[in-house]
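Secondary and tertiary structure notes
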Amino acid sequence: MRPDRTTLRQSTRRQLFEDCGVGVGKLALTSLFVGDSLFGTESEQRRVMHHAPKAKSVIYLFMAGAPSQFELFEPKQELQKLSGKPLPPSLLEGKRFAFMESFVREPPKLLGTRRKFARHGESGRWVSECLPHTAQVVDDLAFVRTVHTENFNHAPAKIFMNTGTPFFGRPSMGAWVSYGIGSEAEDMPNFVVLQSGPRGPRGGAMNWTSGFLPTAHQGVPFLSGGAPILNMTSPQGFDHDRQRASVDAILDLNRINMERAGDPEIATRISAYEMAHRMQTSGPELIDFSTESQSTLDLYGAVPGGKSFANNCLLARRLVERGVRFVQLYHSSWDHHGGPGESLDKDLDEVCLSADQACKALVTDLKQRGMLDETLVVWGGEFGRTPMGEVRDTVGRNHHIDAFTMWFAGGGTKPGQSIGETDEIGFSPVKNPVHVHDVQATILHLLGIDHTKLTFRFRGRDFRLTDVGGRVVDDLLA
Amino acid sequence: MVRTLAFLSALLLIPAAHGQDESVRFFEERIRPVLATRCQACHNEELKTSGLSLATREATLAGGTRGVAVVPGSPGESLIVAALEGSGALSMPPTGPLPDEEVGAFRTWIADGAAWGADSGDPIPAAALWSLKPIRPSSPPDTSDADWVRNPIDSFVLAKLDEAGLSPSPEADRRTLIRRASLDLTGLLPSPDEVRRFVEDTEAGAYARLVERLLESPHYGERWGRHWLDIARYADTNGYSIDGPRSIWRYRDWVIKALNDNLPFDRFVIEQVAGDLLPDPTESQLIATGFHRNTMINQEGGIDFEQYRVEAVVDRVRTTGSAFLGLTLACARCHDHKFDPISQQEFFQLFSFFNNVDELGGNLEETVGRSRMMDPVLELSDPETLGRRDAGRKQIEGMEAELTELKRSIEAAWDTRFPPSDIDGIEIAREIVRVPPEDRSSVQESVLNRVLYEHAEEYQQKADELKQLRKQLPEVEWTMVMRDLPEPRESYIHIQGDFTRKGNRVEPGTLAVLPPLPPDAPRNRLGLARWLVSEDNPMTPRVTMNRIWQRYFGLGIVETENDFGSQGSLPSHPKLLDWLAAEFVRSGWDLKAMHRLILTSATYRQSSAYRADAAAEDPSNRLLARQNRIRLEAEAIRDVSLSASGLLSPTIGGPSVYPPQPAGAGQFTQVDRKWKADQGPDRYRRGMYTYFIRSAAHPGLILFDAPIAQESVTRRNRSNTPLQALTLLNDESQTEFAAALGERIRSLAEDREGRIRQAFELCLSRPPQGAEQERLAEFVGRMEDSYQSDPEALDESRFDSPFAAAWAAAARVMINLDEFVTRQ
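Predicted, not measured: the structure shown is a model, and the values here were computed from it.

From N to C terminus, chain B includes 36 helices and six strands. In terms of its C-alpha atoms, chain B occupies a principal-axis envelope of roughly 85 × 80 × 55 Å. For chain B, buried positions account for 50% of its 824 residues. Look at the contacts in chain B between residues 6 or more apart in sequence, and 67% of them connect residues 24 or more apart.

Let us look at the overall build of chain A. Looking only at helices and strands, chain A features 13 helices and 17 strands. Out of the 478 residues in chain A, the part that is buried amounts to 60%. Residue pairs at least 24 apart in sequence account for 76% of intrachain contacts in chain A once pairs closer than 6 positions are excluded.

Bringing the packing of helix 9 (residues 174-186) of chain B against helix 11 (residues 206-216) of chain B into the picture now. Residues and elements named next belong to chain B. Interhelical geometry of helix 9 versus helix 11 gives an angle of 25° and a closest axis separation of 10 Å. Here helix 11 runs roughly parallel to helix 9, going by the angle between their axes. Remark: the crossing between helix 9 and helix 11 carries right-handed chirality. From helix 9, Leu-177, Ile-178, Ala-181, Ser-182, Leu-185 and Thr-186 reach across to helix 11, where they touch Tyr-207, Leu-210, Val-211, Leu-214 and Leu-215. Looking at the contact of helix 9 with helix 11, its residues break down into nine nonpolar, two polar and no charged.

So, on to the packing of helix 32 (residues 732-748) of chain B against helix 36 (residues 802-814) of chain B. Residue and element names in this part refer to chain B. Here helix 32 crosses helix 36 at 115°, and the two axes come no closer than 7 Å. Of the two possible hands of crossing, helix 32 and helix 36 adopt the one that is right-handed. Residues Gln-734, Ala-738, Ala-739, Leu-741, Gly-742, Ile-745 and Arg-746 of helix 32 lie in contact with helix 36, whose contacting residues are Ala-804, Trp-807, Ala-808, Ala-810, Ala-811 and Arg-812.

Moving on, we come to the interface of chain A and chain B. Contacts between the two partners involve 76 residues from chain A, matched on the other side by 86 residues from chain B. Elements with a minimum of two residues in the side of chain A that touches chain B: helix 1 (5-20), helix 4 (100-105), helix 6 (154-163), strand 6 (220-221), helix 8 (240-261) and helix 9 (264-287) of chain A. Element by element, the count of residues in the side of chain A that touches chain B is highest for helix 8 of chain A, at eleven residues. Of the residues belonging to the side of chain A that touches chain B, the class tally is 34 nonpolar, 24 polar and 18 charged.

Turning to the pairing of strand 9 (residues 384-391) of chain A, a few remarks are in order. All names here are of chain A. Within strand 9, eight of the eight residues are buried, which leaves it mostly tucked inside the rest of the structure. Alignment of strand 9 against strand 10 (residues 395-400), held across five bridges, turns out to be antiparallel. If you follow Val-391 over to strand 10, its bridge partner there is Val-395. Counting the residues between successive antiparallel strands, the hairpin from strand 9 to strand 10 contains three residues.

Residues and elements named next belong to chain A. Taken across its ten residues, helix 6 has ten buried, putting it largely inside the fold. Among the residues of helix 6, those classed as buried are His-154, Ala-155, Pro-156, Ala-157, Lys-158, Ile-159, Phe-160, Met-161, Asn-162 and Thr-163. Check the buried side of helix 6 and you find it contacts helix 7 (173-181) and helix 13 (436-446). One or two steps after helix 6, the chain reaches Gly-164, where phi turns positive at roughly 80°.

Residue and element names in this part refer to chain B. With respect to the helices and strands, Ile-248 occurs in the loop between helix 12 (218-231) and helix 13 (249-260). In this structure, the C-alpha to C-alpha distance between Ile-248 and Ser-607, residues 359 residues apart in sequence, is 41 Å. When residues no more than four places from it in sequence are discounted, the contact partners of Ile-248 are Gly-290, Arg-293, Asn-294, Thr-479 and Met-480.

All right, on to helix 11 of chain B then. Residue and element names in this part refer to chain B. Residues of helix 11 that are buried include every one of Leu-210, Val-211 and Leu-214, and no others. Down the axis, helix 11 shows its buried residues gathered within 95° of arc, on one side only. For helix 11, exposure combined with an orientation more than 90 degrees from the buried face picks out Ala-208 and Glu-216.

For the peptide bond that leads from Ser332(A) to Ser333(A), omega is 0°, which places it in the cis range. Assignment of secondary structure puts Ser333(A) in the loop between strand 7 (326-331) and helix 12 (346-368). Of the consecutive residues Asp375(B) and Pro376(B), the connecting peptide bond is found in the cis state with omega at -5°. Here Pro376(B) is to be found in the loop between helix 18 (366-371) and strand 1 (377-379). Located in the positive-phi region is Asp243(B), a residue other than glycine, with phi close to 55°.

Residue and element names in this part refer to chain B. Within the secondary structure, Ala-697 sits in the loop between helix 29 (634-645) and helix 30 (699-702). Measuring from C-alpha to C-alpha, the distance between Ala-697 and Arg-483 comes to 29 Å, with 214 residues separating the pair along the chain. What Ala-697 contacts, discounting residues up to four positions off in sequence, is Phe-692, Ile-702, Ala-706 and Ile-708.

This part covers the environment of Gly302(B). All names here are of chain B. Tracing the backbone shows Gly-302 in the loop between helix 15 (283-288) and helix 16 (305-325). Residue Gly-302 is classed as partly exposed on the basis of its C-beta count, with 19 C-beta atoms lying within 10 Å. Along the chain, Gly-302 and Arg-226 lie 76 residues apart, while their C-alpha atoms are 35 Å from each other.

Okay, the confidence of the model for chain B next. Residue and element names in this part refer to chain B. Counting all residues, the mean pLDDT for chain B is 90, and 95% of those residues have values of 70 or more. Here residues 1-20 scores under 50 on pLDDT; set against residues more than four positions off or in separate chains, the count is 35 contacts. Overall fold confidence (pTM) sits at 0.80, and the ipTM for the predicted complex is 0.83.

When pLDDT is averaged along chain A, the result is 86, and 87% of the positions lie at 70 or above. Contacts of residues 1-46 of chain A to residues separated by more than four positions or lying in other chains number 77 contacts, the stretch itself having pLDDT below 50.

What counts, and where the lines are drawn
- For every chain, the first residue of the written sequence is number 1, and numbering continues from 1 along that sequence.
- Whichever chain is written first is A, and whichever ligand is written first is 1; the rest continue in order.
- Given that this is a predicted model, residues contribute local features only at a pLDDT of at least 70 and side-chain atom pairs are listed and counted only at 80 or more, while totals for whole chains, interfaces and linings are drawn from all residues.
- The way it works is that DSSP assigns letters per residue, a run of H or I at least four long becomes a helix, a run of E at least two long becomes a strand, and they are numbered from the N terminus.
- Think of it as a crowd count around each C-beta: if 20 or more other C-beta atoms lie within 10 Å the residue is buried, if 12 or fewer it is exposed, and in between it is partly exposed, with C-beta placed from the backbone throughout.
- We call two residues in contact if the C-beta atoms placed from their backbones are at most 7 Å apart.
- Angular values range over 0 to 180 degrees, each being the angle between N-to-C directions of two axes fitted as lines to C-alpha atoms, with helices fitted over their stretch in contact.
- Each angle gets one of four labels, with under 35 degrees taken as roughly parallel, over 145 as roughly antiparallel, 65 to 115 as roughly perpendicular, and the rest as oblique.
- For any pair of crossing helices, the crossing counts as left-handed if the nearer helix is rotated counterclockwise from the farther one by less than a right angle, and right-handed if it is rotated clockwise.
- Throughout this entry, Asp, Glu, Lys and Arg are counted as charged residues, while Ala, Val, Leu, Ile, Met, Phe, Trp, Tyr, Cys and Pro are counted as nonpolar. The remaining residues, Gly among them, count as polar.
- Two strands qualify as a pair provided DSSP detects at least 2 bridges between them.
- Each C-beta atom gives one direction from the helix axis, and the arc is the one those directions make.
- The predictor attaches a confidence to each residue, called pLDDT, with possible values from 0 through 100.

See below:
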């Protein structure tokens, strides 16, 4: 019995959108239905488009461990003055902190910074000596100084930043975006995760999971050095021709079965194998930096074949050039408690050194190439650090959820400004508090998505990235 | 009747979702969430702060002691608007003003007449919700074709097809049938020999005998056990960020054995939920309680232990909802359920059943907490080992005391021993030493210990000895189990789901809309467990039979298998579901009898070939005019490759194993997992035995939609992606399977045609068609030539002849076919 073609084609298309999450608009399945185009117009890729997007892609620089805003962006005269004095207990009332048992025994003391600050750029933004490169591009950045979150432990806070809830297993922002607006990448996954620094982010795959959304939208972690995607290399003894011949045999046998069984899932599998083969072909080209000029490599501080945040930033640009929607870079570790490897002096210097130049380079490079307008760059950690010191082997800072700094560039954000104000010691926002859900709502907004409308029915409820909160931060928009 | 009521209930309950009333939709989307998250914590039916409840429209219109909260049509006269705007004496909510657009939404809503959607707790929904009604089995209906009907299932299915004017599909051929039944019952392929015997068995009852044989296979318990482990959120690690190892595989083995022994389902449930509370529980019954110890444990530093204990308890309630009751109980954690008749109070009544486990929680010192992370556990080693361990522990305690004593003596003479220096550690330790020991934090103590270890030789020596002693402690076998505290914890409603905000005290109790706990039932987990499987609880048998049905047909009779509430879908065959549920209870909760019933039905035995006529009428095949093709689950995809290639190690149970995984797979977690692939038989165990790390699960499992074990999963996604294709094409395990399968194919026949036939028989349980034979033959020939002319590639492939390499390549093609990874 032959399947009815119209129904089959429609349901195949639907299946591809739902299950495959790939750039179906450009997929060529020429041999499947002779003389019959399988796919409709490109606009069908988008599940939602609530308004005209400003940004097409996001590069999210996740500074894992939580950078100290007081050492980088938030000079506070009053805090300098009160350094060494105990924190007024009124500020602690009703709050919960990590390692709180130590607070009860010994009230924490305020800590001024040892870092020197200066105003930079025409916009006159404060940046400390820790980030001399970032300081050079402040006019391209928008700072939000009053981001606040709800979770004071690393893993739940990271999960919260990424999924809008502290519960493990809910879909991440990149997955929502991929699910919502589809892909333009012909031969790359739509949501790519890169990692640098001594350790992976706490919470692991839960930070880029697709949760209850179709698996195709989960973030694909790229490995550093060698083939970026797991199983991207053909087995020993299979050169390009033999691999192609094998894939062709698989496709042909699947087509024969398709004729017999008529199941659209078989067509989806055929297209998945074609896409897989294209990924294999284009993967080596993606990570081959030899096509980059020396001046570009120098700008980033990238070394071909190296494993570094700088390399990842350059790779992120190349991914976005290829149509990837969401690239998330995790860079560790900014967790400067004062313990071994966590000092606010030497260890902070080290991580700043490893990140600063590449951050500037990414913004500069995107701008030079005319890509910054359509690429949103986000920089930030899972929370900030306390105005109080924390005594371990050296004096560091603890986790702080009431106010911390993130910056944004491009993608329809308004550069050269600073949003929100904190109190004299930087403990809490006094003007324009921006909740994590607001950050998420704004990122979605820039991509053309209304965060209240991008929902998924699961367990009897419509879920969304921003849970029941979130408002677009209008001041951030250009 | 049931159908009409259900339809009616759907209308009553979810007008917003159906878009019939814009103003109700506006209320549901813009107003209700704000009321729930900002107002109802105080303004609810119990607390009625200032006499005002905002729980229902009626109560809201009634107002409170300060006056009328809402005057429909007049935002200006509505006190709630003034309070939200802070324009009068009152400013709400107390946590700070709402964003302007939310306040604006209230104005719009009131101006439009203050429409209101249906509330939970309303008597109408409870009465109208089909799933809460007692099971009412009806006799199988008359149908158009009595000959087609093999058992009552078929009457119910055919009656619906008749209504739609559709005819069922013919029975699948025998090869498809044996492959289907084998995959469904054991998750393994039938051997070509088994296929041949079944095809040639012309005596009556051949199929029934096949089903019996498969039900008796010990692999049945593995196959259906794995389904249950999804629900049980089983994993080998603790979850969250540190995600360290745990020992609970004995629970997994208990599930397999219980299913193989056909333990009646009511006992299956009771032993898992409350085996420890049974009189004189056996070791097996204790191990069974691992079910509710599969909750995650946070090992991160600086956490509040109580917070994560509460999360585990909440997870047990949530799992009770999806596993047994088919209700989204978790919705009622923060507020009364928006759509179903479940109150927040009832959520915490259920919570209190699970709140008494003697597990890590409360406000403990970091070090004390860490020492009892896994509690409670059942120790399984022999008495001699346990004795040695206890003696060792005693010795360690003594040594610890000595070490502390030594530390104190060094502290006492700190300043003389360590004069002021520029070593940070010494100076910070000096500060710490000045704090009396009982006032120090655990962080301070550990900093001090580290400084001492580095700068005081005698301390280092003793600490090393202690370390050595600890290392010498004999390993004791253990598994995580449930054990309650002697005195139950007090349970409270958590206001807005926040455990730090206690509301009213609650006692253990069940849902008002379901039959009550018998008066003499114990108010503990045992009482709850018995209630879950009591004869008059309609939920558990319906939910269980629906889930079994779902495994066999791809979708349940109720498509939303974990939501039988008003937001769930209605059953496609309500009478069939009730008949199955009643039959299940009547059989004495006999699972194998239910499998037998479904497998021997004509409905199950239909061909799965696509039918345009049926698709036009019923696009998603809810009426089952044919069987569905179902892609195999992650573990089964591995298992069929293992069985086709002959590599399978059929050992059942035991500690989890480490098949190869791609290099770098564990790179992206906080703790980079070393994964040393097993050599020998454990390399070829079934997928369900792969060591499961929650934060970095084996990519071969995750890419094919195995659940990540963060919470109970009752249905897996079935995605179809390029990364799956890359895995099946290039993964190291696949290459090994292909090599073994290639060798097997070569050895089974003398010529190319015969070998291709063998390849198809082994992998697809059928001979190739002409076109398939030709295509694969062409491929093999081409590969052989290709390796012949490229000795270097042959060398790389590690085969000793182009012939061998070519057949491995052909085998690789076979295990990549859609049909291979699909149950047809």
